[in-house]
Amino acid sequence: MAKDDAPSRRSVEIAALVQQGARAFLTTEYSYIAIFVLLVFVLISLSPYLEKDADLDNGWRTGINFLAGAFLSGLAGWLGMFTAVRSNVRTTAAATHGLNAALKVAFKSGTVMGLTVVGFGLLGLSIALAIFLDPTVLAGFGFGASSIALFARVGGGIFTKAADVGADLVGKVANDLDEDDPKNPAVIADNVGDNVGDVAGMGADLFESYVGSIIACLTLAQQVSKNDDELTAYTVFPFLIAGGGIICSIVGTWFVSVKDDGKMNDLLWALRRGLIVASFLVIIWTAIACKALVVGGYWEMEPAFRIFGAVIIGLIAGLIIGFATEYCTSFEYYPTQSIALAGHHGHAPVIIQGLGVGMLSTVVPVVVVVLSILACTALSGLYGIAIAGVGMLSTLGITLATDAYGPVADNAGGIAEMSGMEKYVRENTDALDALGNTTAATGKGFAIGSAVLTAVALMASFIFVSQIPEGEEVDLMDDVVIPGLLIGAMLPFVFAALTMLSVRRGAHAIMDEVKGQFAERQKIIARDGNDAKWSADYTRCVAIATKASVLEMITPGAMAVLVPVIVGFALGAMSLAALLVGAISSGFLLAVTMANAGGAWDNAKKYVEAGHIEGHRKRSELHKATVTGDTVGDPFKDTSGPSLNILIKLMSVVSLVFAPIFPVKPYEDLGVAFLIIFFLVIVSVVVAKLITRGEKANAYKPLNEEGHGL
C-alpha cells in the first residue's frame, strides 16, 4: 500500500491536513482517557478490600489486565487511524486508474485495521491467560477494552458528526456549496472525523466484542466442564476458532475485486465474495478443531458436535444480520429508495419514512438473535451462547475491513474534489463511498448483533461469578428486580440523548466559526471584488471539534461505568442482573433503529445524487429534502447508534469485574438505598459539570462578524 504514489502536491497537502487533525484529536482524547484509566486501575486494585473474604491478589491482577486491555485497544485504534489517513490520498491516486485499483487500495487499509484488532486481541488474551492462569481476572482486560471503546466511539462520533452536520448546514444548505468544497472551513474537520469515528472508534468497539466473547467462554468453561480434560478443551477452543479465523479472513481478502465498469451490485458482491469465502473456510476449520480435540481425548463426540453447531449458528447469524442490514440501507433496494421517493412531498416525509424503515429493520436482527440464543442454549447451555459470539466474530479480520475501508474512500473523494481532479476520479470515489455507507451500516448491524450475544454471555458470567447462590433464580416479582429492569431499559435512551445533544452543541460551535469566516470572506469580496486574498482556516474548526468532543464524552462515559456500580451496591446483584436485561433489550432495538435509519437516510441522498430519480439531482428540492434526512441521520448512525452496543457490553463487563463484592440483596431499608443512589448520582453530575464548565464556555463561544469570540 505504501508503494502507491500520490497524484499531486495539492492532494498531498490536503491529506497532510487530515493527518495532522486526526493525530491532534487522538492525542487530546487519549490524554483525557489516560486519567480515567489510571483512576479506575486504582479502584479495581483496591476493590477486594470492600469484601471480607475476597482474594486481595485478585485486585491488582484484574487491574493489570485492565491496563493491558485499555492499552491494546487504544493502540489498535491508533494504528488503524494512522493507516487510514495515509491511504486516502493513495486511493485518490488509484482512482485515476480505475474503480478496481481504488477499491484494492482502500480495502487494504481496512484490512490493516481488521487484522490489527484480531491480532492484538488474541495475543493479549493469550499472554494474560498464560501469566495469570485465572479466567476471572481477565474480566479486567475486557473492562479496559470496553472503556477505550466507549470513549473512542462517543468522542470520535461527536467529533465526526459535529463537523459533518456543521459543514453540511452552513456549506451545502445555507451557502449552496458542493460536498467537500475547499471554500468550506469545516471540510477538513469533516474528513478528519471520518477516520477518528469510523476507523479508530469502530476498531476499538469490535476489539472489545472480540475479547469479550472469548472472556465469557473462559469464565463459563469452568461451569460446564466435568473434568480437567473438558476444561482444557472448553478453554482452548475459542482461541483455536479465533486464531483460525484470522487465517481464513486473510484468504478471504484475496477474493475482493471488481471490474472497472462495475455497478453498485458488483461492488457489493466483491465484498460479499470475500466474506462468504472466509466464512466457509471457518466452518471447515471449526470441524477440524473439534475433531482434533475428540481424537486427543479432550472431548466426546457429542459435546464436540454440539459446540460445532453453536459456532456455525453464530457465524450464520452474523451473515444474516449483515445481509438484512444491507437490504435496509443500500439504495439498490426498496426501503432506501422509498425514503428518497418520499422527498417528492417535502422534508418531513423523508424523516417519517426513514424512522419507519429504521424501526422495521429491527425485526430480522431480533428474530435471528432470539433463535440463535434458543438454539445455542439447547445445544450447549450458556457456553453455547458465548461460543456463538466467537463464531460470529471469527471472520472479524475481513468483516472490519469491509467497514473500515469506507472512511478511506470518503476521504479520497474529498481530496479529489478539493484538489480539482477530473470528474471521473470523483465518480470512482463516489461509487466506493456509496458502497462504504452500506458496508458501514452492515458493519454496525454486525457489531450490534455480536454485542448482544457477547453481553448476554457476559451477563451469564456475572451471575456465575457473583454472590448469588448457585441454583437460585432471579425472581421477576422480587421487589428490586422490576426497578432494576426499568432503570436498565431507560439508560440507552438517556445515553443516546446525551450524545445526540452533544452533536448538536458541537455542530453549532462549528457553524458559528464557519459563519464568522464566511463573513470575513464577504468583506474581502466587497473591498477587492474577489476573494483571492481569503483562504479558509481549517485548523480552527478541527480545534473546536476536538475540544467539544473530548469534553462532551465525559458525562455519558461516566454514566456507563457508575450506574452499574451504584445499583450493584445499593440494590444488590439481583437488581443489577435485571438492569443488564433491560439495558440489553432496549439498547439492542434502539441501536439497530438508529444505525439503520441513519444509513438509509444517507444512501437515499446518494440515490438522488446518482440521478436515479428523473429530473432530480443535486440542488433540486427533492435533493434538499434528502439532505435534511441525511443531516438528521448523521448522529443516528455514527454517534448514538454505534455507541449503544458498547454501552451494553461495558455495563455487563463492569458488573462482571465487581461481581464478587456486590451484595445479593439490597440494604434492608430500601429508602436508604434510594437515598444512596440519589446522592451518588447528584455527586457524579456535579463533578462532571464542574470539570467541563469552564472549558465548555470556551469551546462554544459564539463568533462575531469578524470571526472573533465575543
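Residues numbered from 1 in each chain as written. Predicted model: local features only at pLDDT ≥ 70, side-chain atom pairs only at ≥ 80, totals over all residues. Heavy atoms only, no water.

### Describing the environment of Ile313
Residue placement: Ile313 occurs in helix α8 (residues 301-329). By relative accessible area, Ile313 is classed as partly exposed at 21%. Once the C-alpha coordinates of Ile313 and Val369 are considered, the two residues, 56 residues apart in sequence, prove to be 9.9 Å apart. (Helix = DSSP H or I, 4+ residues; strand = E, 2+ residues; numbered from the N terminus. Buried < 20%, exposed > 50% of the residue type's maximum accessible area, 1.4 Å probe, protein only.)

### Let's talk about the nonpolar core
Formed by 212 residues in total, the largest nonpolar core has its most connected members in Phe143 and Phe237. With 27 residues, helix α16 (residues 554-609) is the largest single contributor of residues to this core. In contact with Phe143, not counting residues within four places along its chain, are Val40, Ile44, Phe66, Val561, Leu650, Val653, Val654, Val657 and Phe658. (Core = buried A, V, L, I, M, F, W, Y, C linked by side-chain atoms within 4.5 Å. Contact = heavy atoms within 4.5 Å.)

### As for the side chain of Thr286
Structurally, Thr286 can be placed in helix α7 (residues 264-295). Judged by its relative accessible area of 0%, Thr286 falls in the buried class. A distance of 2.8 Å separates the side chain of Thr286 from the backbone oxygen of Val282, its partner in a polar contact. Not counting chain neighbours up to four residues away, the residues in contact with Thr286 comprise Phe237, Ile241, Phe308 and Val311. (Polar contact = N/O pair within 3.5 Å; in protein donor to acceptor, adjacent residues only side chain to side chain.)

### Thoughts on the pattern of salt bridges
On inspection of all chains with the given rule, the structure shows 16 salt bridges. For Lys161, the salt bridge identified is with Asp638, shortest N-O distance 3.0 Å. Placement of the pair is Lys161 in helix α4 (residues 139-175) and Asp638 in helix α17 (residues 621-658), with a sequence separation of 477 residues. Accessibility expressed as a relative area gives 3% for Asp638, which makes it buried. A salt bridge links Glu208 to Lys649; the shortest N-O distance between them is 3.1 Å. Taken as a pair, Glu208 in helix α5 (residues 187-224) and Lys649 in helix α17 lie far apart in primary sequence, 441 residues in all. The residues Glu208 and Lys649 share a single accessibility class, namely buried. In this structure, a network of salt bridges that share partners links the residues Lys161, Asp164, Asp602, Lys605, Lys606, Asp630, Asp634, Lys637 and Asp638. (Salt bridge = Lys/Arg side-chain N within 4 Å of Asp/Glu carboxyl O.)

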